[in-house]
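An overview of the molecular structure
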Amino acid sequence: MEAEVLFTIAKKIAVGVATPAAFLVLLPEIVSAATFRLQEATVTSINEAFDAGVIDAEQLVQLYLNRIDAYDDQGPALNSLITVNPNALTEAAALDLERQTTGARSPLHGIPVILKDNYNTFDLPTTAGATIFKDFIPEQDAFQVQKLREAGAIILAKANLSEFAFSGGSSESSLGGITRNAYDPLRMPAGSSGGTATAIAANFGVIGFGTDTGGSIRNPASVSNLVGLRPTIGLSSRSGIVPLALSQDVGGPMTRTVTDLAFALDATVGFDPNDPITATSIGKIPDTYTSFLDSNGLQDARIGVVRSLFGLDADPEAAKVNQVINQSIANLKLLGAEIVDDVPIPNLDTILAYPSLSAFEFKFNLNDYLAANPNAPVQSLTEIIESGGFLPSNLNTLITRNSVEPLETNVRYQEIIRDRPTLTQQSLLQALNLLDSDPSNNLDALIYPTNTRPPGLISPPSNLGSNSRLSPFSGFPALTVPAGFTFDNLPVGLEFLGPAFSESTLLRLSYAYEQGTLNRRPSAIVPQLEGETIPEPGQTVGLVAIGLLLLGGRLKQRHAPQLDGSIIASTSD
């Protein structure tokens, strides 16, 4: 830390304390308040450091760039990012000046954000992981990205993904290669938002954004010890995001804490005329989602456990997850929730037998996206296939999806789009007892393991056992939160699901659970770097010493006799 910054902090300490006795009493709190730690930093802790003058956005960005250099490209070589913003430091400096002159725009002012590389950015390539798009820079931001920038956020980097967001098990692309799990680089981070998950878990940024068509926010968040939300379809715009299947697609935040997720939601939700389904959110968005964060939020909550979504104890890997989730259920009860165990979901087998609609919609949705971006290097899925600019392993999938007949005349597609949403929604509402005439029988949420097995090895690959389909098939929101670790130190996620636009309730429940258990912990394979604690311990001693000297000077000044024998009155600094 530069000497003048250290002196400024010390002066603030001396000014804020009236007497040496008070100084000593408050010393632990003073030192804590004047210390910033990058590892596991939150929106709140960063804003406190900004306000105290301990750090600015430019310094913050540099610290994250240091971590990316040390751990994404070297060391464990997590390979989570495709593009790092070359102008991030310049943008941070401009935001620092704005903060000094006109104040912060929002809590996200100066906060570094990492986007999955299927969100349009007007100043950085948007690739969906495919080499054919390596130089494609859209003409304008995705709607959610635009709102992040308006809030003062810094787009620090674009993250790797499973190419075209196809895979839910791994995150591999022709442009970005294979992303590794931040807790074990031999294991998968799941997909398709695995790059975002690994980057946020490794503390390469503060907030991440992914997309979820079948489970691609929640699966990677679960195996990366993160909070991840798949919002209600219609809460957040999908315009400017490379599509997979718009009947199921959403974009949403991935964070280390529930509070940070609430801040991210506040900045990005709302109506977008370019995504008409967002009209359904009008009148259903609170002033701030942070107002629902209550550490006692589980008191008197009624939560249903869906045992039919648990893995079998006969499977040793599933048994590891079950042990963690069962402890989570016990903790929920200790924290005040009423647990309704083994809640049945009607028609569950029928619902889960339906396919994802990505196999039907991808070609048509992607072609529409390309038509809206005329500067893209290709203008159709056919041209992508002809270019060869993608993973060879995706060739057959691309060809198959390119051969799908028009949706208007596709009998099977029309059956699914007509029947599946209604069946899934009604079955979940029945499971939640929301169709019951007696409101005392209502459940606030259903819970189950996000994945029935821990993250598998990259090679040979293994099945993660995702419970991801109920949310996209219904359009209802689902949030995964860290549940703990298996006995061999692999992260496990607990998923909360509720009815449409119940994000406030899910945040309340998951926040209380998070605060009551503190299951999130940083990865040991990406430890703190030198300079990430500000001031460093030695500087903290100096800071306190300077503060004492300044305090002594103030007291001496207060009691110094004037020529006429009077005492100089205390002055305010």
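Scroll up for the structure.
A brief report on the enclosed structure follows.

Residue S459 is joined to P460 through a cis peptide bond whose omega torsion reads -5°. Mapped onto the secondary structure, P460 falls in the loop between β12 (445–449) and α16 (470–474). The linkage connecting I534 with the following residue, P535, adopts the cis geometry, with an omega of -10°. Tracing the backbone shows P535 in the loop between β15 (533–534) and α18 (537–558). One non-glycine residue, N489, lies in the positive phi region at around 65°. Summarising the element assignment, N489 is placed in the loop between β13 (478–485) and β14 (491–497). You will see that F501, though not glycine, has its phi angle at about 60°, which is positive.

A separate point is helix α9 (residues 258–268). Across the 11 residues of α9, 10 count as buried, placing the element largely inside the fold. V258, T259, D260, L261, A262, F263, A264, L265, A267 and T268 are the residues of α9 that are buried. At the exit of α9 stands G270, carrying a positive phi of roughly 130°.

Relative to the assigned elements, D260 resides in helix α9. Lacking a salt bridge, the buried D260 has R256 as its closest oppositely charged neighbour, with an N-O distance of 5.5 Å.

This part is about the packing of helix α4 (residues 57–72) against helix α5 (residues 88–102). Contact geometry for α4 and α5: axes closest at 7 Å, N-to-C directions at 155°. Between α4 and α5, the crossing angle belongs to the class labelled roughly antiparallel. The two elements α4 and α5 cross, and the hand of that crossing is right-handed. Side by side, α4 and α5 meet where A57, E58, V61, Q62 and L65 of the first sit next to A88, L89, A92, A93 and D96 of the second. In terms of residue class, the contact of α4 with α5 is built from 7 nonpolar, 1 polar and 2 charged.

The subject of this paragraph is the pairing of β14. The two faces of the sheet receive side chains in turn, since in a regular strand these alternate between them. With respect to burial, β14 is a largely interior element, 7 of its 7 residues being buried. Burial of β14 is two-sided: the residues P491, G493, E495 and L497 facing one way and the residues V492, L494 and F496 facing the other way are all buried. Relative to β14, β12 runs antiparallel, the two being bridged by 4 bridges. Across the sheet, the residue bridging to L446 is L497, located in β14. Across 7 bridges, the pairing between β13 and β14 is antiparallel. Residue pairing across strands places P482 opposite G493, the latter belonging to β14. Here β13 folds back onto β14, and the loop between the two strands holds 5 residues, one of which, N489, carries a positive phi near 65°.

Glancing now at the environment of Q146. Here Q146 lies in helix α6 (residues 143–150). Q146 gets classed as partly exposed once you look at its relative accessible area, which sits at 36%.

Thresholds applied
Residues numbered from 1 in each chain as written. Predicted model: local features only at pLDDT ≥ 70, side-chain atom pairs only at ≥ 80, totals over all residues. Heavy atoms only, no water. Helix = DSSP H or I, 4+ residues; strand = E, 2+ residues; numbered from the N terminus. Buried < 20%, exposed > 50% of the residue type's maximum accessible area, 1.4 Å probe, protein only. Lys, Arg positive; Asp, Glu negative; His and termini not counted. Salt bridge = Lys/Arg side-chain N within 4 Å of Asp/Glu carboxyl O. Axes fitted to C-alpha atoms, helices over the stretch in contact; angles between N-to-C directions. Parallel < 35°, antiparallel > 145°, perpendicular 65-115°, else oblique. Left-handed = near helix turned anticlockwise from the far one by under 90°. Contact = heavy atoms within 4.5 Å. Nonpolar A, V, L, I, M, F, W, Y, C, P; charged D, E, K, R; others polar. Pairing = 2+ DSSP bridges.

Shape is all these values report; function is a separate question.
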